[in-house]
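One letter stands for each residue in the lines below.
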Amino acid sequence: MRGLLPQAAVLGGVVAGALVVAFRGDPNEAGHYPGCPFLALTGYYCPGCGMTRLVYALTHGDVGVAFGLNPLLFVLLPVFGYLYVLWTVRTARGLPMRTVLFKQPVVYSFLGLVIVYWIVRNLPAAQALAP
């Protein structure tokens, strides 16, 4: 069980973070949370903009609102959950973490997707992707 301490720490951090977001205050109201430093410095949205409000919406059951705040992150949440479960199961079995999602072409494609998303969500024609 000692081998699962990193997984327990990650899970505990995610749960604690979600609880803080859910109960500390509404991130849609000014003054509850610091804003995005990239947005403050440049005036452009980063790929993570809307993440705090997404978590707040999900913890309050507003799935549609959550999707609208950051569609890419919303779609990736199940992937992150899958990777966490895979990591936990493989660690419990004493196996190294291996998945096709960590292969170089997939990683580079993911990074390319994030960069394209970052650019497109700041275009006037793509306001639907803005938080």
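Residues numbered from 1 in each chain as written. Predicted model: local features only at pLDDT ≥ 70, side-chain atom pairs only at ≥ 80, totals over all residues. Heavy atoms only, no water.

(A) Inspection of the overall build of the protein at higher detail. Along its length, the protein carries six helices and zero strands. For the protein, the α and β elements follow one another from N to C terminus as α-α-α-α-α-α. The principal-axis extents of the C-alpha atoms in the protein amount to approximately 50 × 40 × 30 Å. Among the 131 residues that make up the protein, the fraction classed as buried is 24%. Sequence-distant contacts, at least 24 apart, represent 48% of the contacts inside the protein between residues at least 6 apart. Carbon and sulfur atoms provide 72% of the accessible area of the protein, an area that totals close to 8,700 Å². (Helix = DSSP H or I, 4+ residues; strand = E, 2+ residues; numbered from the N terminus. Buried < 20%, exposed > 50% of the residue type's maximum accessible area, 1.4 Å probe, protein only. Contact = heavy atoms within 4.5 Å. Areas by Shrake-Rupley, 256 points an atom, 1.4 Å probe, with all protein chains shown as cover.)

(B) Focus on the UniProt feature "transmembrane region" (unreviewed entry) in the protein. Following the UniProt record, the feature "transmembrane region" (unreviewed entry) maps to residues 72-89 and 101-120 here. Split by type, residues 72-89 is 100% helix and 0% strand. Its first and last C-alpha atoms lie 26 Å apart. Between the end C-alpha atoms of residues 101-120 there is a gap of 24 Å, over a span that is 85% helix and 0% strand. (UniProt positions renumbered as here; feature names shortened; annotations may be inferred.)

(C) Just the nonpolar core, in detail. The biggest cluster of nonpolar side chains holds five residues, and these are L54, A57, A66, L69 and L73. Looking at this core, the elements that each hand over two or more residues are α3 (51-59) and α4 (63-69). For L73, the residues in contact, after removing those within four places along its chain, are M51, L54 and F80. (Core = buried A, V, L, I, M, F, W, Y, C linked by side-chain atoms within 4.5 Å.)

(D) Summary view of the packing of helix α1 (residues 5-24) against α3. Between α1 and α3, the shortest axis-to-axis distance is 9 Å and the interhelical angle comes to 80°. With respect to their mutual orientation, α1 and α3 come out roughly perpendicular. On the side of α1, the interface is formed by A18, V21 and A22, while α3 contributes T52, V55, Y56 and T59. Among the residues making up the contact of α1 with α3, the classes are represented as five nonpolar, two polar and no charged. (Axes fitted to C-alpha atoms, helices over the stretch in contact; angles between N-to-C directions. Parallel < 35°, antiparallel > 145°, perpendicular 65-115°, else oblique. Nonpolar A, V, L, I, M, F, W, Y, C, P; charged D, E, K, R; others polar.)

(E) Here's a closer look at the packing of α3 against helix α5 (residues 71-92). Put simply, α3 and α5 touch, their axes get as near as 10 Å, and they point 60° apart. As the angle between them shows, α3 and α5 are arranged oblique. Between α3 and α5 the crossing geometry is right-handed. Along its contact with α3, which presents M51, L54 and L58, the element α5 presents L73, F74 and L77. In terms of residue class, the contact of α3 with α5 is built from six nonpolar, no polar and no charged. (Left-handed = near helix turned anticlockwise from the far one by under 90°.)

(F) Highlighting the environment of G12. Position of G12 among the secondary structure elements: in helix α1. Residues G12 and Q127, 115 residues apart in the sequence, show an inter-C-alpha distance of 35 Å.

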